[in-house]
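Coordinate analysis (summary)
So the chains spell out like this:
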Amino acid sequence: MNWFDKETKKIAIKNKRKLPISTIALSPNGQYLAYSLNEIGKIKLYLYDTQTGEQEVILKQGYRNPFQATDYNYPIVAWKPSGTEFSIIYEYRDVIKFMTYDLNTKEKRSEDLDPQYDRIYSAEYYNINDLVFSGMVRGFSDLFIYHTLTRQTERITSDFYDDLDASVVNIRGQKGVLFSSNRKVAKIEKVKLDTILP
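Rules behind the numbers
- Residues numbered from 1 in each chain as written.
- Predicted model: local features only at pLDDT ≥ 70, side-chain atom pairs only at ≥ 80, totals over all residues.
- Heavy atoms only, no water.
- Pairing = 2+ DSSP bridges.
- Helix = DSSP H or I, 4+ residues; strand = E, 2+ residues; numbered from the N terminus.
- Axes fitted to C-alpha atoms, helices over the stretch in contact; angles between N-to-C directions.
- Phe/Tyr/Trp six-rings, centres within 6.5 Å; stacked < 30°, edge-to-face > 60°.
- Buried < 20%, exposed > 50% of the residue type's maximum accessible area, 1.4 Å probe, protein only.
- Polar contact = N/O pair within 3.5 Å; in protein donor to acceptor, adjacent residues only side chain to side chain.
- Contact = heavy atoms within 4.5 Å.
- Core = buried A, V, L, I, M, F, W, Y, C linked by side-chain atoms within 4.5 Å.

**Thoughts on the pairing of strand 3 (residues 21–26)**
- As judged from the five bridges shared by strand 3 and strand 4 (residues 32–39), these two strands associate in the antiparallel manner. Note that in strand 4 the partner of Ile 24 across the bridge is Tyr 35.
- Here strand 3 folds back onto strand 4 in antiparallel fashion, the turn holding five residues, of which Gly 30 has a positive phi close to 80 degrees.

**Observations concerning the sheet that holds strand 12 (residues 130–137)**
- An order of 11-12-13-14 is seen for the four strands of this open sheet, with the pairing classed as antiparallel. One side of each edge strand has no neighbouring strand; the edge strands of this open sheet are strand 11 (119–125) and strand 14 (152–155). Averaged over all pairs of adjacent strands, the angle between strand axes in this sheet comes to 30 degrees, irrespective of strand direction.
- As judged from the eight bridges shared by strand 12 and strand 13 (residues 140–147), these two strands associate in the antiparallel manner. The residue bridging Gly 135 from the neighbouring strand is Asp 142, located in strand 13.

**Here we look at the packing of aromatic side chains**
- If you walk through the whole model with that rule in mind, you get eight aromatic pairs.
- An angle of 45 degrees between the planes, with centres 4.8 Å apart, marks the rings of Trp 79 and Phe 86 as tilted. With respect to burial, Trp 79 and Phe 86 carry one shared label: buried.

**Some thoughts on the sheet that holds strand 10 (residues 108–112)**
- Pairing is antiparallel in the open sheet, where four strands are placed in the order 7-8-9-10. Of all strands in the sheet, those bounded by a partner on one side alone are strand 7 (76–79) and strand 10. Neighbour to neighbour, the strand axes of the sheet diverge by 20 degrees on average, direction disregarded.

**Notes on the side chain of Asn 38**
- Along the chain, the position of Asn 38 falls in strand 4.
- Within the local environment of Asn 38, its side chain forms a polar contact with the backbone nitrogen of Gly 41, the two atoms lying 2.8 Å apart.
- If near-sequence neighbours (up to four positions away) are discounted, Asn 38 is found in contact with Leu 19, Pro 20, Ser 22, Ile 43, Thr 70, Asp 71, Tyr 72 and Tyr 74.

**Examining the nonpolar core**
- Counting residues in hydrophobic clusters, the biggest one holds 16 residues, and the most contacted among them are Ile 89, Ile 96, Phe 98, Tyr 117, Ile 120, Leu 131 and Phe 133.
- Counting only elements with at least two residues in this core, the list comes to strand 7, strand 9 (95–102), strand 11, strand 12 and strand 13.
- Ignoring sequence-local partners within four residues, the contact set of Leu 131 consists of Ala 78, Phe 98, Ala 123, Glu 124, Tyr 125, Tyr 126, Phe 144, Ile 145, Tyr 146 and Thr 148.
- In terms of nonpolar packing, the next biggest core, distinct from the first, is built from 15 residues, Ala 25, Leu 45, Leu 59 and Tyr 101 among them.

**Some points on unusual backbone geometry**
- Following Tyr 74, the chain continues to Pro 75 via a peptide bond in cis, the omega torsion being -5 degrees.
- Residue position: Pro 75 is located in the loop between strand 6 (55–61) and strand 7.
- You will see that Lys 106, though not glycine, has its phi angle at about 65 degrees, which is positive.
- Here Lys 106 lies in the loop between strand 9 and strand 10.
- In the Ramachandran plot, Arg 172 falls in the positive-phi region, its phi being about 50 degrees despite a non-glycine side chain.
- Relative to the elements of secondary structure, Arg 172 occurs in the loop between strand 15 (163–171) and strand 16 (174–181).
- Here Arg 172 falls in the exposed class, since its relative accessible area comes to 84%.

Right under this line is the structure:
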């Protein structure tokens, strides 16, 4: 099966019911595609092999709820640089879950993220063991490094500005993190919120 049509520039994903695709992430070697379909709250995350055309369901979560606004932020998929594992961040009963799937062993490992996080907006592996993500804590969105081996978190930013869409880049041999923000200057400084009322 040819998974990419060069004429239409479309990826051949089975979606007869035309459900919204809320997540799509290609493996580093381009062989696997992780994507999710969201049916007003009922989520299925698939792993699609672009070489064989076969796919399998990795995660089923949620239920159809026509009375509540659909959350298209989750699940979030982040591929490890090796391309043999990827992680899934999703929410289950108001608890943020962190799952890792091994393509070779088919093993799934799941754990709860630290309850300090109200929400995770984006995630990407910085190296084979550490993730960079943007998340909300106490109403403010900041950037964090999550060490998967120790389950410890390290803050990159800590201020009242919005820091979103963290992406790992390599520019002229230097690895770094790009992100979008509403801060007025490019320099990252620790800024305290003014609590004095006018």
